[in-house]
Structure formats: C-alpha cells, structure tokens
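Take a look at the letters that make up each chain.
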Amino acid sequence: MVRIIRKIFRIISIMFNKLIEYFLKFPGIGPRQAKRFAYFLASQDEKFIKDLSGEISDIKNKIKQCPDCFRFFSRSDLGGKRSDLCSICSGLNRDKNILMLVEKDVDLESIERAGIYNGKYFVLGGVMPLTGDKNNLRFKELFDKAKNYKEIILALSANVEGENTARYIEKILEPLKVKITHLGRGLSTGAELEYSDSETIKNALEGRK
Ligand SMILES: [Zn+2]
C-alpha cells in the first residue's frame, strides 16, 4: 500500500514538477500543500487559469515598493503625482519623529487598521533566524534611516526570533543614541502582530517601553 502511495506521489510530482517548485517558494508552503495547489489549478476551468495568470503577470504594473518604508502598495495609492513614495511616507499629518519597525507588510496593515499609530514605518523584511542569517533583511537601510528619528518602536513578534532580532537591532543602533522602545506585553508570548486584533495592538502600543 505504502509503495503504491509513494508511486502515485512520484507520478504527481513529475506531472506538476515545475509548478510545485514555484509553490514551494511561497512562505509557509510545504510539499503536500504545493501538490494540493497544483491539483486545484488542474481542476479549474480555462477562464480561471487565464484570469489568474493575467493577475500574476500584471502584478509588477499594479504594485510598487515604496523606496522609503519598503512596503508594497497599489500604484493607484501613490502619495502624489510627483512622488515616488507611498501615501503613508508622503502623508503630511504623519509624525516624522517616530519610526515603527515591522517584520512584514501584513504587520503594518494590522497596525494601520487599528488606527492609533500616526508615525512612520519601516519594513525589515522578516526576522533573523536563530542561525543568525541576516540575508534579505534591511539592517543597513534601517541604520541609515534611524538617525533621522527620535524614537524607534520595535514591533517584532514576541517569539525567540523576534527577540533575537530586537537585540541585534539595539546593538547596531547603539552608536546613534536614538530612543528604542518595544511594543508592550499586551502581545502574548509567541503572538504575531499579523493575527492580533486592534485592541491588543492599541494596548501594546500604549504600554511600550
Ligand atoms: Zn512608504
């Protein structure tokens, strides 16, 4: 029985090989899910496939990365005709003394949705794994930017990797003598900002130290 199942999996893998390889590059997707996605696509009609391919090929025309905070945003949300920046970075009512550092775009969205923060943002691009690998994280850009602010709020996940990353940031920003605060413990251990509700985020922000 096990041999038959293995054989079926091998056949599936060969059929969708390339597609599965792509899905495996998605965050949090393992081989089983990748195969499930491939099967799902195979079961859809041509219109669905055409529309989806169209959306994917058009993504670079529709979405832009802000050169200041590094978040992705819709080109229709440009912060002004002559600006290259997103609407948050070019917003005149934003407090330009406070910079909140988040791991990823969805965290920024959660905080914006809570509607209680009015400073600027910086998307780091993830957290440092315990191996200490710093690839793809914007520490250099953060250092260059941090000197222009009075306070940097570290809004990183309350887990080992998040705390590890926070310690590293404190170390590299030390020469700048900028005030560094952490979101309060309203966020329970292991909680991710992405899944936190507005009230939790509000308490964490007010309780920062
Ligand atoms: Zn921006």
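Residues numbered from 1 in each chain as written. Predicted model: local features only at pLDDT ≥ 70, side-chain atom pairs only at ≥ 80, totals over all residues. Heavy atoms only, no water.

> I'm lost on the pairing of strand β4 (residues 120-123) in this one. Help?
The two faces of the sheet receive side chains in turn, since in a regular strand these alternate between them. With burial as the criterion, each face of β4 is covered, one bearing Lys 120 and Phe 122 and the other bearing Tyr 121 and Val 123. As judged from the four bridges shared by strand β3 (residues 98-102) and β4, these two strands associate in the parallel manner. Across the sheet, the residue bridging to Leu 99 is Lys 120, located in β4. As for the winding sense of the linkage, the β-α-β connection from β3 through helix α4 (residues 105-114) to β4 is right-handed. (Buried < 20%, exposed > 50% of the residue type's maximum accessible area, 1.4 Å probe, protein only. Helix = DSSP H or I, 4+ residues; strand = E, 2+ residues; numbered from the N terminus. Pairing = 2+ DSSP bridges. Right-handed = clockwise from strand over helix to strand, strands pointing away.)

> How do you make sense of the confidence of the model for the protein chain when you look at a structure like this?
Low-confidence regions, as indicated by low pLDDT, have predicted coordinates that should not be scrutinised in detail. The predicted model of the protein chain has a mean per-residue pLDDT of 86, with 88% of residues at 70 or higher. Mean pLDDT across the elements of the protein chain ranges from a minimum in helix α1 (residues 2-24), with 75, to a maximum in β4, with 97. (pLDDT = per-residue confidence, 0-100.)

> Is there a simple way to think about the nonpolar core in this case?
Generally speaking, soluble globular proteins have nonpolar side chains that are buried together. Counting residues in hydrophobic clusters, the biggest one holds 41 residues, and the most contacted among them are Met 100, Leu 101, Ile 111, Tyr 117, Ile 152 and Ile 169. Elements with a minimum of two residues in this core: β3, α4, β4, α5 (139-146), β5 (151-155), α6 (160-173) and α7 (198-206). It is β3 that contributes the most residues to this core, five residues altogether. Those residues in contact with Ile 152 that sit more than four places away from it in its chain are Leu 99, Ala 146, Leu 173, Val 178, Lys 179, Ile 180 and Thr 181. Of all hydrophobic cores here, the second largest spans seven residues; its members include Phe 16, Ile 20, Ile 29 and Ala 34. (Core = buried A, V, L, I, M, F, W, Y, C linked by side-chain atoms within 4.5 Å. Contact = heavy atoms within 4.5 Å.)

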